[in-house]
Amino acid sequence: MLLAFHNGRILGESGIECDRTLLVRDGRIESLGEATKVAGPVQVIDLEGHLLVPGFIDTQVNGGGGVLFNDDPSVNTIAAIARAHRQFGTTGFLPTLISDDLDVVAQAIEAVRIAIRQGVPGVLGIHIEGPFLNESRRGVHDASKLRELDGAAAQLLARPHGGVTMVTLAPERTTPQFIRQLSDAGVVVSAGHTNATYAELQPALAAGLRGFTHLFNAMSQLGNREPGTVGAALAHEDSWCGLIADGHHVHPEVMKVALRAKRHDRFMLVSDAMPSVGAALKSFVLNGRPITVANEKLVDEEGRLAGADLDMARAVRNAVRMLDLPVEEALRMASANPADFLALRDVGRIAKGQRANLALLDDEFHVLRTWIDGRE
Ligand SMILES: [Zn+2]
């Protein structure tokens, strides 16, 4: 089936364009160009002047729609989270498991494998955040679950499931050899919940460490004599940095400083979403402890932030309003940049050959419609 999207503004590779028609055939983008007559049956989609953008890609999604991946790492949970985030423009995501026992990690990988095989829309793989973390930077992760990353764990993480695997680890809780082994197996390794020094991060980066998870949060900070993980992330040109742009996790001025330090195509917006996104929840339970939802902020009993009450559309709005970023850049931080980080070549852009994963936005960047593989 051929779809023709017209009468809107479309964010293509060279920016936002008007008077273009996007043709999608069998779920893939065929062309973005001048309106021409096409042969055969075609379904015309009127964008009514709105902005069509690549669907958002979120590399860090713990939950949504009232459910938490850790509570029940199953296909049903993944589908519920996907559904909740779709209404906010997310057409690709990594269900994210926070620190847990290795048998739960194995269960989560298996659930993702089945979800991908069954075609649950939007599932690109899995993000395993921990348990190979530094206790002193654990945030709300359960200290009793934390452990070193050894050979057996590396083998589990490299288990194929049909999608991409991202692992957040503290480099000081493993060796550059294991990072190299994971990276060679195609696992996307990111540093987070880490107290690593600048010097400790250099061999990790050389071994294939590809990014930094929720930059500034739960990591050694930039100091005058010790650059810390933040300094290493900002000084390293090619690695990617996740940003939780909710205005609570990182002060907007600090995010602006980071953006001045490093090329913008190496930043990606993440939601770090919890069950509250897409659900009217006042509280939920994490690791057996209550988390309160108040004013777009999630806190445990000690006032620590416990993930975010953030969706990708709001992250994009915040990036434009709080960080003064051009609209195109904010949108790429939610699509092309995370796709590049994950080394996925057929999502994240409106360009020939890409999967037709799309979101239609109004002037305030609220999501009106979404499509995955050309299906609304
Ligand atoms: Zn975290």
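To be clear, the structure that these remarks concern was listed above.
Residues numbered from 1 in each chain as written. Predicted model: local features only at pLDDT ≥ 70, side-chain atom pairs only at ≥ 80, totals over all residues. Heavy atoms only, no water.

**Q** An account of the packing of aromatic side chains is needed here, citing residue identities and associated values.
**A** The way to describe two aromatic rings as a pair is by their centre distance and the angle between their planes. Applying the stated rule across the entire model yields two aromatic pairs. Centre to centre, the rings of phenylalanine 5 and tryptophan 371 are 5.1 Å apart; their planes meet at 85 degrees, and the pair counts as edge-to-face. With phenylalanine 5 in strand β1 (residues 2-6) and tryptophan 371 in strand β23 (residues 367-371), this pair connects stretches of sequence that are 366 residues apart. With a centroid separation of 6.0 Å and an interplanar angle of 55 degrees, the aromatic rings of tryptophan 240 and phenylalanine 341 are classed as tilted. You can see tryptophan 240 sitting in strand β16 (residues 240-243) and its partner phenylalanine 341 sitting in helix α10 (residues 336-341), a full 101 residues away along the chain. In this arrangement the basic side chain of arginine 266 is found over the ring face of tryptophan 240, its NZ or CZ atom lying 4.1 Å from the centre. (Phe/Tyr/Trp six-rings, centres within 6.5 Å; stacked < 30°, edge-to-face > 60°. Helix = DSSP H or I, 4+ residues; strand = E, 2+ residues; numbered from the N terminus. Lys NZ or Arg CZ within 6 Å of the ring centre and 35° of its normal.)

**Q** Explain the nonpolar core residue by residue, including any values.
**A** Counting residues in each nonpolar core, the largest one holds 84 residues, and the members touching the most others are Phe56, Ile78, Leu215, Phe267 and Leu269. Excluding anything up to four places from it in sequence, phenylalanine 56 contacts Phe88, Gly89, Thr90, Thr91, Gly92, Met312, Ala313, Val316, Leu331, Ala334, Leu361 and Val367. Membership of the second largest hydrophobic core comes to 14 residues, among which are Phe5, Val24, Ile29 and Leu47. (Core = buried A, V, L, I, M, F, W, Y, C linked by side-chain atoms within 4.5 Å. Buried < 20%, exposed > 50% of the residue type's maximum accessible area, 1.4 Å probe, protein only. Contact = heavy atoms within 4.5 Å.)

**Q** Which residues make up empty space enclosed by the protein, and what values go with them?
**A** Enumeration over the complete set of coordinates arrives at two cavities of 30 Å³ or more. Among the residues making up the lining of the largest cavity, the classes are represented as four nonpolar, six polar and two charged. Size it by volume and the second largest cavity reaches roughly 30 Å³. Forming the walls of the second largest cavity are Thr59, Gln60, Met166, Phe212, Thr213, His214, Gly242, Met268 and Val270. Of the residues assigned to the lining of the second largest cavity, the class counts are four nonpolar, five polar and no charged. (1 Å grid on protein atoms, 1.4 Å probe; cavity = no way out; pocket = protein on both sides within 12 Å on 5 of 7 lines; lining within 4 Å. Points joined across faces, edges and corners; volume = space filled by probe spheres on them. Nonpolar A, V, L, I, M, F, W, Y, C, P; charged D, E, K, R; others polar.)

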